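Residues per chain, in single letters:
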Amino acid sequence: MSVEIPRRAQRRAIVLPAQCRTPNGLRDSGEISDISTQGCCIRTETLMFRVGSRVIIRPDGMEALGGTVRWIAGDCAGLEFDRAIYGPIVDHLVRLHELGTQVSVTRD
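Rules used throughout
Residues numbered from 1 in each chain as written. Predicted model: local features only at pLDDT ≥ 70, side-chain atom pairs only at ≥ 80, totals over all residues. Heavy atoms only, no water. Helix = DSSP H or I, 4+ residues; strand = E, 2+ residues; numbered from the N terminus. Polar contact = N/O pair within 3.5 Å; in protein donor to acceptor, adjacent residues only side chain to side chain. Contact = heavy atoms within 4.5 Å. Salt bridge = Lys/Arg side-chain N within 4 Å of Asp/Glu carboxyl O. Buried < 20%, exposed > 50% of the residue type's maximum accessible area, 1.4 Å probe, protein only. pLDDT = per-residue confidence, 0-100.

So, the side chain of Ser36
Residue position: Ser36 is located in the loop between β2 (27-35) and β3 (39-44). Looking at Ser36, its side chain comes within polar contact range of the main-chain nitrogen of Gln38, at 3.0 Å. Apart from residues lying up to four places away in sequence, Ser36 is in contact with Ala9, Gln10, Arg11, Phe81, Ile85 and Val90.

Right under this line is the structure:
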């Protein structure tokens, strides 16, 4: 049974390449498919995440962002940022990398 948890901030569809790193040093390229001031959905080719694990992502053109995996669905993971991103920065990223439709993900 899946329980929907209300979001603190609206997620916005985006396609933004990012580098991912785990605390033990594993690295992979990935893609952010939606983003908000509080978190994002990240998809990687080879990294396997666990709920509660720490991840550092570096979206193209930005500094690294740390966060905690809050949910996993297939090859996607929901990341809650350690510190919120400034709203106008999210707006700018969406303008640059906007996607017409948001990736549909069912959280377990």
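So, the pattern of salt bridges
For the structure shown, the criterion picks out five salt bridges. For Arg11, the salt bridge is made with Asp34, and the minimal N-O distance between the two is 2.9 Å. In this pair, Arg11 sits in the segment before β1 (12-21) while Asp34 sits in strand β2, placing the two residues 23 residues apart along the sequence. Just as Arg11 is buried, Asp34 falls in that class too. Arg70 is the salt-bridge partner of Glu80, the closest N and O atoms lying 2.6 Å from each other. Of this pair, Glu80 sits in strand β6 (residues 76-81) while Arg70 sits in strand β5 (residues 65-73), and the two are ten residues apart along the sequence. A residue is classified by how much of its surface remains accessible, and Glu80, at 23% relative accessible area, is partly exposed.

Things to note about the confidence of the model for the protein
The pLDDT averaged across the protein works out to 85; a share of 83% of its residues lies at or above 70. Predicted confidence is poor over residues 101-106, with pLDDT under 50, and the contacts of this stretch with residues over four places away or in other chains come to ten contacts.

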